[in-house]
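Here is how the chains run, residue by residue.
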Number of protein chains: 2
Amino acid sequence: MNIDMIEAAAARARGHVRRTPLLGSPFLDDLAGRRILVKAECLQHTGSFKFRGAWSAISALQGAAGVIAFSSGNHAQGVALAARMHGLPSVIVMPSDAPALKIANTRAFGAEVVLYDRRTESREEIGERLAHDRDLTLIRPYDEPLVIAGQGTCGLEIAEQAAELGVTEADVLVCCGGGGFTAGMALALEGSRLRVRPAEPEGFDDTARSLKAGTRLHNGDAQSICDAIVTPAPGEITFPILQRLCGPGLVVSDEEALRAMALAFQRLKIVIEPGGAVALAAALFRDIEAETVIVTASGGNVDPAMFLRALDTL
Amino acid sequence: MNIDMIEAAAARARGHVRRTPLLGSPFLDDLAGRRILVKAECLQHTGSFKFRGAWSAISALQGAAGVIAFSSGNHAQGVALAARMHGLPSVIVMPSDAPALKIANTRAFGAEVVLYDRRTESREEIGERLAHDRDLTLIRPYDEPLVIAGQGTCGLEIAEQAAELGVTEADVLVCCGGGGFTAGMALALEGSRLRVRPAEPEGFDDTARSLKAGTRLHNGDAQSICDAIVTPAPGEITFPILQRLCGPGLVVSDEEALRAMALAFQRLKIVIEPGGAVALAAALFRDIEAETVIVTASGGNVDPAMFLRALDTL
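Keep in mind that this is a model prediction, so the values were computed, not measured. (Residues numbered from 1 in each chain as written. Chains lettered and ligands numbered in written order. Predicted model: local features only at pLDDT ≥ 70, side-chain atom pairs only at ≥ 80, totals over all residues.)

A. Spotlight on the overall build of chain A. Helix and strand counts for chain A stand at 13 helices and 10 strands. Scaling as 2.2 N^0.38, a compact globule of 314 residues should have a C-alpha radius of gyration of about 20 Å, and chain A matches this with 18 Å. Taken across its 314 residues, chain A has 55% of its residues classed as buried. Of the contacts made within chain A by residues no fewer than 6 positions apart, 73% connect residues no fewer than 24 positions apart. (Helix = DSSP H or I, 4+ residues; strand = E, 2+ residues; numbered from the N terminus. Rg over C-alpha atoms; globule rule 2.2 N^0.38 Å. Buried ≥ 20, exposed ≤ 12 C-beta atoms within 10 Å, placed from the backbone. Contact = placed C-beta atoms within 7 Å.)

Rendered as structure tokens:
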């Protein structure tokens, strides 16, 4: 994979994927003691960067009958809307105990939702059977080159927007689950002086530990409110890209993610979810040498109760 | 005043004023039964469109020693930051009972805040004395052509962004206090098929009533949570522009503004204040013939307690 795939994805995305703004606030700069720029991907279609990867994959399909994805969250909504915008049917396999609102939203974006019981059924088996019977193409959430290329289009925008602000050297912190967004960003910014680093929640710091160890490590039993990025281990395709291009990982607590959400409300006027706030939290609360730090605010699909918990930290 | 002044303001603004995104959500379209596009001016520097007018006025000054403004809210912050970015001192005359956070923010943007007791002192007298003694230029909040021109730059952006989405005909609802924003937008969109209409809160519908009556009418004694736009009457300079160019005004309740704030949180991932939500509320809850409605989300400077009231409507 290289930047050519990302530029091709950007060409397919033009006019369909939103160019999200790069925000900042002197209050956040003062708090962190450095300049912070925030790429507001919560303002992307479906409320997260996941729409970029879904659009990239689906727009590259030739003659597909439809698409299928497994997801209880942001990838589901991204695939559902991108498929609808291409006039393709989509099937999303979701656990029956997924939040009712996320199921309703995925349906509202035009997907057929197939529920399964995660204690007794295998989503892979259900997915494979449906894909075979109905000739559907599987869209993987991160270990898929076309998806990685789509996420990378965000990096191309950041490079342009940062340059407009006079910034050509910075650490770029990316909220990291399976690593698709981080890998795409790293490829997009390869050769620039914008260095990508993954940011993760405590207990799900598999990428930070794996980068240190030089091999893919798994997470143990842990809990986190950062549901959007609690994946078991770095991806097979994404990890070698991260190893080659990324700086060391950063890890924040759930409490720090909530505090970053509250500051984004107060100072940037954007709504971000816990998993979309870890990069901002790392920029605010970790020691970073870079004079300028760019962060992704990756998603904003948070329910009011969790948002209230964040506002309580103000 | 005409579009030349707005284009000149846009040229001065380039690289300094944020180009805010034009957002939308299929959920809001379904709810309203028409397409809704939302110009997210809450993402502007200082959290409101007021920065545009302040930048326009201050960037046009020649050899000024400093600036002064009266405001307890968004205009104060806009003038303070725009002055600082020009290396000019600013004095903001604020009532001593203004919210502590707004006073603190205005100071943090570099302004000298002069407090006065609104029961016993006249802010005009204080302001005139300071302006005279220290050779400061007064920046009026709306009845000032350079400020109106600056607010109009938002309209130029809307015309471009709407055209990119294939929209060339729509009603454009603008959150309206003294009418500076509405007048600027109307001038910017004059000659297009984007028709500007003011949106106001109940009890402060002076502009809607004045447009109907053909003369400037005042508000009576009323209360509203929409503090950003509770002005006594349409401006002397702004009203004739509105009369010449605007469609009929729309009026919403405080409760509808809160509900619009909650839907903006849930569907657009932006934070808007009550006064910045009245145009979205009108698009959602009033009968409008236009197939597409563009609204300004004018500001996002809301405290957590008021935001909780909004989220409670979900």
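B. Highlighting the relation of the copies chain B and chain A. Turning chain B through 180 degrees and shifting it by 0.0 Å along the axis lays it on chain A, with an RMSD of 0.0 Å. The two molecules are tied by a two-fold rotation axis, judged by turn and shift. When C-alpha positions in chain B are compared against the rotation axis, the closest is assigned to Ile270(B), at 2.3 Å. Of all interface residues in chain B, 100% are interface residues in chain A too; the two copies therefore contact each other through one and the same surface. (Least-squares fit on C-alpha atoms with pLDDT ≥ 70 in both.)

C. Just the sheet that holds strand β4 (residues 90–95) of chain B, in detail. All names here are of chain B. Pairing is parallel in the open sheet, where four strands are placed in the order β5-β4-β3-β6. In this open sheet, the two edge strands, each paired with only one partner strand, are β5 (112–116) and β6 (137–138). For strand β3 (residues 67–70) and β6, the ladder comprises two bridges, and the chain directions are parallel. Note on β6: the bridge partner recorded for isoleucine 68 is leucine 138. (Pairing = 2+ DSSP bridges.)

D. Here's a closer look at the nonpolar core. Counting residues in hydrophobic clusters, the biggest one holds 208 residues, and the most contacted among them are Ala264(A), Leu280(A), Ala264(B), Ile270(B) and Leu280(B). If one sorts the elements of this core by residue count, helix α11 (residues 254–268) of chain B sits on top with nine residues. Discounting residues that sit within four places of it in the chain, Ala264(A) has contacts with Ile270(A), Ile272(A), Ala277(A), Leu280(A) and Ala297(A). (Core = buried A, V, L, I, M, F, W, Y, C linked by C-beta atoms within 7 Å.)

E. The arrangement of unusual backbone geometry in detail. In this structure, Lys269(A) takes a positive phi of about 65 degrees despite not being glycine. The class of Lys269(A) is buried, set by 28 C-beta atoms lying within 10 Å. Even without being a glycine, Asp135(B) presents a positive backbone phi close to 55 degrees. You can see Asp135(B) is positioned in the loop between α6 (123–134) and β6.

F. Quick peek at the packing of helix α1 (residues 3–13) of chain B against helix α3 (residues 50–59) of chain B. Residues and elements named next belong to chain B. Packing of α1 against α3 leaves a shortest axis separation of 9 Å and a crossing angle of 90 degrees. Between α1 and α3, the angle is such that the two are roughly perpendicular. Residues Ala9, Arg12 and Ala13 of α1 lie in contact with α3, whose contacting residues are Arg52, Trp55, Ser56 and Ser59. Grouping the amino acids of the contact of α1 with α3 by side-chain chemistry returns three nonpolar, two polar and two charged. (Axes fitted to C-alpha atoms, helices over the stretch in contact; angles between N-to-C directions. Parallel < 35°, antiparallel > 145°, perpendicular 65-115°, else oblique. Nonpolar A, V, L, I, M, F, W, Y, C, P; charged D, E, K, R; others polar.)

G. Up close: the domain arrangement of chain A. Residue and element names in this part refer to chain A. You can read the domains of chain A as domain 1 (3–48 + 145–311) and domain 2 (65–135). Its C-alpha centre places domain 1 at a distance of 25 Å from the equivalent point of domain 2. Taken together, the nine residues of domain 1 in the interface contact eight residues of domain 2. The class makeup of the residues in the side of domain 1 that touches domain 2 is one nonpolar, six polar and two charged. (Domains from an automatic or database assignment.)

H. Seen up close, the sheet that holds strand β9 (residues 250–252) of chain B. Residue and element names in this part refer to chain B. Ordered in space as β1-β2-β10-β7-β8-β9, the six strands form an open sheet in which the pairing is mixed. The open sheet has two free edges, formed respectively by β1 (22–23) and β9, since each of these has just one partner strand. Strand direction decides the pairing type here: strand β8 (residues 193–201) and β9, joined by three bridges, are parallel. Its bridge partner lying in β9, glutamate 200 is registered against valine 251.

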